[in-house]
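What follows is each chain in one-letter form.
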Amino acid sequence: MEPEEERELQRERGQIELYKQKQQEPKNCDREQIEMERKNEDKQKKRSRQLENIIFFVGTAIGGGQIFWTSYRLIKDTPIK
């Protein structure tokens, strides 16, 4: 083969490789985007669950405190005059 033909073949191979890379880039970007969205959803679920737990415990504490406060007068001994 002549050097000119070899250069032409190498140039064509290089163009084919570039074309393949350009086709793969959107797929890779899509995968990365999907992975990032999945991680963000997981973080939001975790935050939401933590908030639900906090609200539950605070509500339970307030309710328990109110029950104790209203029944405290019934428990307290008052001397009979």
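Our structure's up above, just so we're on the same page.
A few points on the structure. (Residues numbered from 1 in each chain as written. Predicted model: local features only at pLDDT ≥ 70, side-chain atom pairs only at ≥ 80, totals over all residues. Heavy atoms only, no water.)

**Topic: the overall build of the protein chain**
Cut-off, in case you're wondering: Secondary structure counts use DSSP, requiring at least four H or I residues in a row for a helix and at least two E residues in a row for a strand, with both numbered from the N terminus. For the radius of gyration, the atom set is restricted to C-alpha positions; the globular benchmark scales as 2.2 Å times the number of residues to the power 0.38. A simple rule labels every residue: compare its accessible area, found with a 1.4 Å probe on the protein chains alone, to the largest value its type can have, and call it buried under 20%, exposed over 50%, or partly exposed in between. Charged-residue counts in this description rest on Lys and Arg as positive and Asp and Glu as negative, His and the chain ends being excluded. The atoms used to mark charge sites are NZ of Lys, CZ of Arg, CG of Asp and CD of Glu.
Looking only at helices and strands, the protein chain has one helix and zero strands in total. The C-alpha radius of gyration of the protein chain comes to 35 Å, more than 25% above the 12 Å expected for a compact globule of 81 residues. With respect to the principal axes defined by its C-alpha atoms, the protein chain has extents near 125 × 15 × 10 Å. Counting every position in the protein chain, which comprises 81 residues, the buried fraction comes to 0%. Between the centroid of the 17 positive side chains of the protein chain and the centroid of its 16 negative side chains there is a distance of 18 Å.

**Topic: the pattern of salt bridges**
This is how the line gets drawn: Should a side-chain nitrogen of Lys or Arg be within 4 Å of a carboxyl oxygen of Asp or Glu, the pair is scored as a salt bridge.
In the structure shown here, the tally under the stated rule is three salt bridges. One salt bridge connects E35 with R38, and the closest N-O pair in it is separated by 3.1 Å. Of this pair, E35 and R38 are both found in helix α1 (residues 3-75), three residues apart, which corresponds to roughly one turn of the helix. Note on R38: relative accessible area 44%, which makes it partly exposed. The residue R49 makes a salt bridge to E52 at a minimum N-O spacing of 3.1 Å.

**A word on a negative patch on the surface**
The following threshold applies: A patch consists of residues whose relative accessible area exceeds 30% and which take part in no salt bridge; residues with like charges are grouped when within 9 Å of each other, and nonpolar side chains (Val, Leu, Ile, Met, Phe, Trp, Tyr) when within 5 Å. Surface accessibility follows the Shrake-Rupley procedure with a 1.4 Å probe radius. Residue values consider only the protein chains on display as shielding.
Residues E2, E4, E5 and E6 make up a contiguous surface patch of negative charge. Its location among the elements puts E5 in helix α1. Judged by relative accessible area, E5 falls into the partly exposed class, the value being 42%.

**Focus on a nonpolar patch on the surface**
Side chains of I54, V58 and I62 sit close together on the surface and give an oily, nonpolar patch of about 280 Å² of accessible area. Tracing the chain through its elements places V58 in helix α1.

**Examining the environment of K39**
Position of K39 among the secondary structure elements: in helix α1. Spatially, the C-alpha atoms of K39 and Y19 are 31 Å apart, while their sequence positions differ by 20 residues.

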